[in-house]
Amino acid sequence: MKLGPKDSKSKKDAIGKLRKTQLVTTFATGAIADMPDYSVIMAAIDYWNRYSPVIHEPNLEKLLGVTGFREPYATDSDNPKGNPDIPAFRFPRNHFCPKCGDLKDYKAFGDQKHKKCQCGRTLVPSRFVCACVNGHLEDFPYKWWVHYGNTSECSGADRWDQINIEFKNTTGSLASIVIKCKACGKTRTMEGCMGKEALKGYRCRGKRTWIGFEKQYDDPEQCDAPMRTLQRGASNVFFSMNQSALTIPPYSQKIQSDLSEEWDEIKSCLDQQMNEKNLRIVLQAKFSDLSSGGRYTVEDYINAAKERYNFNNPAYKNHNNSYTEKMLYEDEYDALCAGYTPNDEDEPEQFISVETDVPNILEDYVESVMLVKRLREVLAVKGFRRITPEKPKPDDERAIGMNKGQYQPLWKEPQDWLPAIQMRGEGLFIKFDEEKLQKWENMNASRYEEMLFRLGDDNIGKGMMSARYVVLHTFAHLLIRQLTFDCGYSGAAIKERIYSTYPGSEKLMAGILIYTSSSDSDGSLGGLVRQGCPELLESTVRNMLQEASWCSSDPLCSDSMSQGYNSLNYAACHACTLLPETSCEARNCLLDRVAIVGKHDDRSLGYFGKLMEKHDG
């Protein structure tokens with residue numbers, strides 16, 4: 001990481017390092033990061049290094065409306081210029097000196113590197129910032145705060161260097177932090193600054209600090225939302241909006257991965273409607289192994305390139321830029337159900353899925369089990385939110401002044417790419433018996449009407465929420481928890497992907513993908529796939545159901561109809577069902593252990609109720 005945008009006159013020094021995964025999740029554009037010497041905000045992608053590697057995932061590109069993705073460098077040796085890759089700006093700008101108590105912009109302390117006060121002490125960045133639900137962020141208004149919103153009576157109101165901060169040792173609360181105006185002598189503690197009405201009257205100025213502070217970059221947006229005080233390291237300062245996709249046939253085949261490496265130039269040729277003769281010459285130059293009897297002929301590359309180009313064309317197949325997340329999940333579901341085995345297993349395919357026998361314990365409940373021996377996942381960040389991870393509902397007081405945008409974009413000017421990383425791994429895909437699931441769903445759908453009502457229009461669950469989704473999602477959680485004991489992975493290393501029928505859709509889906517993937521390797525050691533062998537999966541599921549039949553918080557947990565975020569869980573707590581946040585695609589919501597094993601006095605509520613009755617007997 002470097003400090004500030006690229007400057008042709010001076011080389012920017014590196015200020016710290018972050019993992020690639022963090023740059024599209026926790027510390028993506030707009031997030032605050034504490035580096036060894038600075039507190040910074042990650043800069044807009046307008047400033048990203050133009051040498052960042054380009055990756056492609058056609059389905060995800062169609063969904064997000066971009067032509068490709070850029071991946072941060074893993075090491076300095078990957079950078080042809082040797083410069084730090086991702087820029088950042090210092091934020092907050094307000095710093096204070098622990099010795100003399102001056103609180104002002106870091107540039108006003110007189111140190112050339114803006115690190116120390118004139119008294120020699122190292123500056124400390126402000127603990128408080130303020131933000132609104134539209135994603136705007138700025139320094140906490142200490143001058144406004146100490147004067148209770150009225151600066152007209154202060155002779156030094158037009159001066160920005162008249163604020164002093166003092167820390168009393170009486171308590172550890174906010175009341176021990178005292179702000180003083182040196183011009184008029186007024187003082188005020190920070191007690192109450194975190195309240196919802198604390199900054200009432202202070203208008204949001206639409207500041208987008210991640211696009212830069214210089215006047216030419218200071219381009220505020222119109223905003224009427226109320227401001228909220230936040231601590232700069234708090235989790236609600238930044239919520240990344242991520243979208244991922246699996247690379248499935250035909251894009252998982254080697255010929256498509258070959259095309260992806262040169263796709264920008266090949267697409268340019270097709271955009272110019274280059275004739276086939278010249279296109280043949282370009283492809284022969286790109287893929288030199290054609291002349292040495294490679295796996296694919298030049299005609300194969302030409303046909304694959306044209307098919308890929310046409311498929312991404314808005315006029316093709318009535319896509320018309322309307323490829324949705326629903327379509328993405330349905331396409332992935334079809335690929336997982338169908339399975340895929342390459343003709344030559346030595347070729348580096350990005351998706352291999354083979355069917356195995358269903359364990360005896362699941363014969364009446366599961367239709368098929370697929371061993372996903374190889375998969376590729378592309379994870380992109382498309383924007384971010386602040387204060388709340390979901391857009392506030394109209395009746396939520398936080399929605400006052402909320403604009404129509406779902407999230408803040410990552411750029412100042414629209415770009416045709418987004419930051420992303422590619423991860424490779426393996427997994428298990430389990431397809432549930434449709435007839436059995438529908439029968440259970442018809443009997444128990446009313447139980448989850450209240451959960452659906454509480455969910456409202458939140459996008460938790462990808463819009464698939466139903467009684468069916470609760471069964472699939474809860475089963476995935478319980479299985480992951482058991483797999484952590486059986487195959488050695490940590491809970492945070494295994495993830496889920498739920499495929500449930502979208503309400504009103506004719507496409508029936510009933511499957512779960514349990515997988516692990518990593519950005520710094522070409523796959524795992526096969527430990528998760530091995531657990532899909534019938535005898536091992538039989539033992540895992542049997543132990544899982546036994547563990548799920550009783551929670552240490554029962555009967556309180558099993559009888560609960562209101563737990564978790566917005567009361568979106570029933571019988572699900574940290575002792576029995578919840579997972580690390582990185583493993584769950586629905587923010588640990590829409591879970592109910594009763595949907596799997598039922599209650600001790602009524603096993604019919606569980607999908608595996610009859611199996612549990614035998615166990616009880």
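Before any of the text, the structure's been laid out above.
Values in this document were obtained by computation on a predicted structure and should not be read as measured data.

Chemist: Go over the environment of Lys 168, please, and point to the residues and values.
Modeler: With respect to the helices and strands, Lys 168 occurs in the loop between β12 (163-167) and β13 (177-181). A relative accessible area of 41% places Lys 168 in the partly exposed class. Between the C-alpha atom of Lys 168 and that of Val 178, which follows or precedes it by ten residues, the distance is 7.6 Å. Residues in contact with Lys 168, not counting those within four places in the same chain, are Ser 176 and Val 178.

Chemist: How would you sum up the sheet that holds strand β7 (residues 94-96)? Please name residues and give values.
Modeler: Read from one edge to the other, the open sheet built from three strands follows the order β8-β7-β9, with strand pairing classed as antiparallel. Pairing within the sheet leaves two strands with one partner each, and these edge strands are β8 (103-105) and β9 (124-125). In this structure, β7 lies alongside β8, joined through three bridges in antiparallel fashion. The residue of β8 that forms the bridge with His 95 is Lys 104.

Chemist: Would you mind going over the side chain of His 477 in detail, with residue names and values included?
Modeler: Mapping His 477 onto the fold places it in helix α10 (residues 467-486). Here Thr 577 takes part through its backbone oxygen, which lies 3.1 Å from a polar atom of the side chain of His 477. Sequence-distant contacts of His 477, defined by excluding residues within four places in its chain, comprise Glu 496, Thr 577, Leu 578, Leu 579, Cys 584, Asn 588 and Leu 591.

Chemist: Account for the sheet that holds β12, naming residues and giving values.
Modeler: Ordered by their spatial adjacency, three strands build an open sheet running β12-β13-β14, and the pairing between neighbours is antiparallel. Each end of this open sheet is capped by a strand with a single partner; those strands are β12 and β14 (187-189). Strand-to-strand twist across the sheet, computed as the mean angle between neighbouring axes with direction ignored, equals 25 degrees. Where β12 and β13 come together, five bridges link them in antiparallel fashion. In the sheet register, Asn 164 faces β13, and the bridge partner there is Lys 180.

Cut-offs used in this document
- Residues numbered from 1 in each chain as written.
- Predicted model: local features only at pLDDT ≥ 70, side-chain atom pairs only at ≥ 80, totals over all residues.
- Heavy atoms only, no water.
- Helix = DSSP H or I, 4+ residues; strand = E, 2+ residues; numbered from the N terminus.
- Buried < 20%, exposed > 50% of the residue type's maximum accessible area, 1.4 Å probe, protein only.
- Contact = heavy atoms within 4.5 Å.
- Pairing = 2+ DSSP bridges.
- Polar contact = N/O pair within 3.5 Å; in protein donor to acceptor, adjacent residues only side chain to side chain.
- Axes fitted to C-alpha atoms, helices over the stretch in contact; angles between N-to-C directions.

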